[in-house]
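# Residue-level structure breakdown
Here's the letter readout for the chains.
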Amino acid sequence: MTHVRTVLGDVRPGELGVCDAHDHLFLRSPQLPGQELDDVRAARAELAAFRAAGGAAVVQWTPYGMGRRAADLAVLSRATGVRIVCATGLHEAAHYDAESLGRLRGGRLAGLFVSELTEGIGTTGVRAGLIKVAGGFHGLDAHARWTMAAAAEAHHATGAPIAVHLELGTGALDVLDLLCGELGVPGRRVILGHLNRSPDPVVHRQAAASGCWLAFDGPSRAHHATDWRMPEAVRALAEAGFGDRLLLGGDTVVAGARSVDGGPGMPYLLRRVRQRLAQEVGAELADLVLGGHPGRAFGTDWT
């Protein structure tokens, strides 16, 4: 049977509810010094605000070695009533120190992913529900190919979905050529993130034709077309027959972006983005993107 693997256990896809399909409650990276998401009280307040806005679930894409705080995710889920899905996987090399990467390269990366998906993250007992990896800027470097090969191996062993950070929204077709072409991952088990950051309608349609999920995530920052191009990009995909494979997320990556710290945060997805999208594609599809599609995208027949 198909289930979504949350930090408190497996649930049926229809039980996930209104879902922020790409976000972060906790995240640390040398690329973001002094801007870490590492405050449990703030994370609880953010989840409570999201719940009050009508949210029911959050998929945290923070992968291995970036401060996931899996045990705290379970506590927060119980306390707030918001379902949380946690990631295993590996981000771009720039988010890790050389020593940490050296240790990982000396072992079997796919084995680590499988263990976190099936047995649990460390001693927490919390199992990951997806594998998060990353492409490069308009291409794939050796690190990306290594992590994606491990992700594909772990997918074939478990059925886990693979979520992909596209650097500035680029490289989608290279990712699909590798994951779905060379490595045999079904398109329906791949979620491409940040497509809004490179709003090329031709590439979007070509990616959608693979059967993959297309995630539009993160409110606008300088020089990003995230907000103002997102509705028309979603409408174009829906009109092309791909409205059944769309996802939305908030992608809060720094402390100042949380709603409880003055930023848009998770509630913005339901407070503003949902209504804007509904104006473009209708309330029925907007509700499906937030409340029906995530369960299908992250649900799988676990093995």
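Before reading on, note that the structure itself is shown above.
Everything numeric in this text was worked out from a predicted model, so none of it was measured.

Each value, and the rule that gives it
Residues numbered from 1 in each chain as written. Predicted model: local features only at pLDDT ≥ 70, side-chain atom pairs only at ≥ 80, totals over all residues. Heavy atoms only, no water. Core = buried A, V, L, I, M, F, W, Y, C linked by side-chain atoms within 4.5 Å. Buried < 20%, exposed > 50% of the residue type's maximum accessible area, 1.4 Å probe, protein only. Helix = DSSP H or I, 4+ residues; strand = E, 2+ residues; numbered from the N terminus. Contact = heavy atoms within 4.5 Å. 1 Å grid on protein atoms, 1.4 Å probe; cavity = no way out; pocket = protein on both sides within 12 Å on 5 of 7 lines; lining within 4 Å. Points joined across faces, edges and corners; volume = space filled by probe spheres on them. Nonpolar A, V, L, I, M, F, W, Y, C, P; charged D, E, K, R; others polar. Axes fitted to C-alpha atoms, helices over the stretch in contact; angles between N-to-C directions. Left-handed = near helix turned anticlockwise from the far one by under 90°. Pairing = 2+ DSSP bridges.

## Focus: the nonpolar core
- Within the largest apolar cluster, 75 residues are counted, with the highest numbers of intra-cluster contacts made by Ile131, Val164, Leu179, Leu192, Leu214, Phe216 and Leu248.
- At six residues, helix 5 (residues 142-158) tops the list of elements feeding residues into this core.
- Beyond its immediate chain neighbours, meaning those up to four positions away, Phe216 contacts Leu195, Asn196, His204, Met230, Ala233, Val234, Leu237, Leu246, Leu247, Leu248 and Gly249.
- Judged by nonpolar contacts, the second largest core, of 18 residues, contains Val59, Trp61, Val85 and Ala87.

## Observations regarding the layout of surface pockets
- Within this model, the largest pocket holds a volume of roughly 460 Å³.
- What lines the largest pocket is a set of 23 residues, and nearest its centre among them are Leu32, His91, His95, His165 and Arg197.
- Tallied by class, residues from the lining of the largest pocket come to seven nonpolar, 10 polar and six charged.

## Some words on the environment of Gly263
- Within the fold, Gly263 resides in the loop between strand 10 (246-249) and helix 9 (267-281).
- Once residues lying within four places of it in the same chain are set aside, the contact partners of Gly263 are Gly256, Ala257 and Arg258.

## A word on the packing of helix 5 against helix 6 (residues 172-182)
- Two numbers describe how helix 5 lies on helix 6: the axes approach to 10 Å, and their chain directions differ by 35°. For helix 5 against helix 6, the interelement crossing comes out right-handed. Two secondary-structure elements touch here, helix 5 through Arg145, Met148 and Ala152 and helix 6 through Val175, Leu178, Leu179 and Glu182.

## Considering the sheet that holds strand 9 (residues 213-217)
- Taken in spatial order, the eight strands line up as 3-4-5-6-7-8-9-10 in an open sheet, and their pairing is parallel. Across the chains shown, the open sheet's two edge strands, defined by having one partner strand only, are strand 3 (19-23) and strand 10. Taking each pair of neighbouring strands and ignoring which way they run, the sheet shows an average axis angle of 25°.
- Sheet topology note: the strand 4 (residues 57-60)/strand 5 (residues 83-89) ladder contains four bridges and is parallel. Across the sheet, Gln60 pairs through a bridge with Cys86, a residue of strand 5.

## Remarks on the environment of Trp228
- By the element assignment, Trp228 lies in helix 8 (residues 226-242).
- Along the backbone, Trp228 and Thr118 are 110 residues apart, and their C-alpha atoms lie at a distance of 40 Å.

Note that all results are geometric; they support no functional claim without further evidence.
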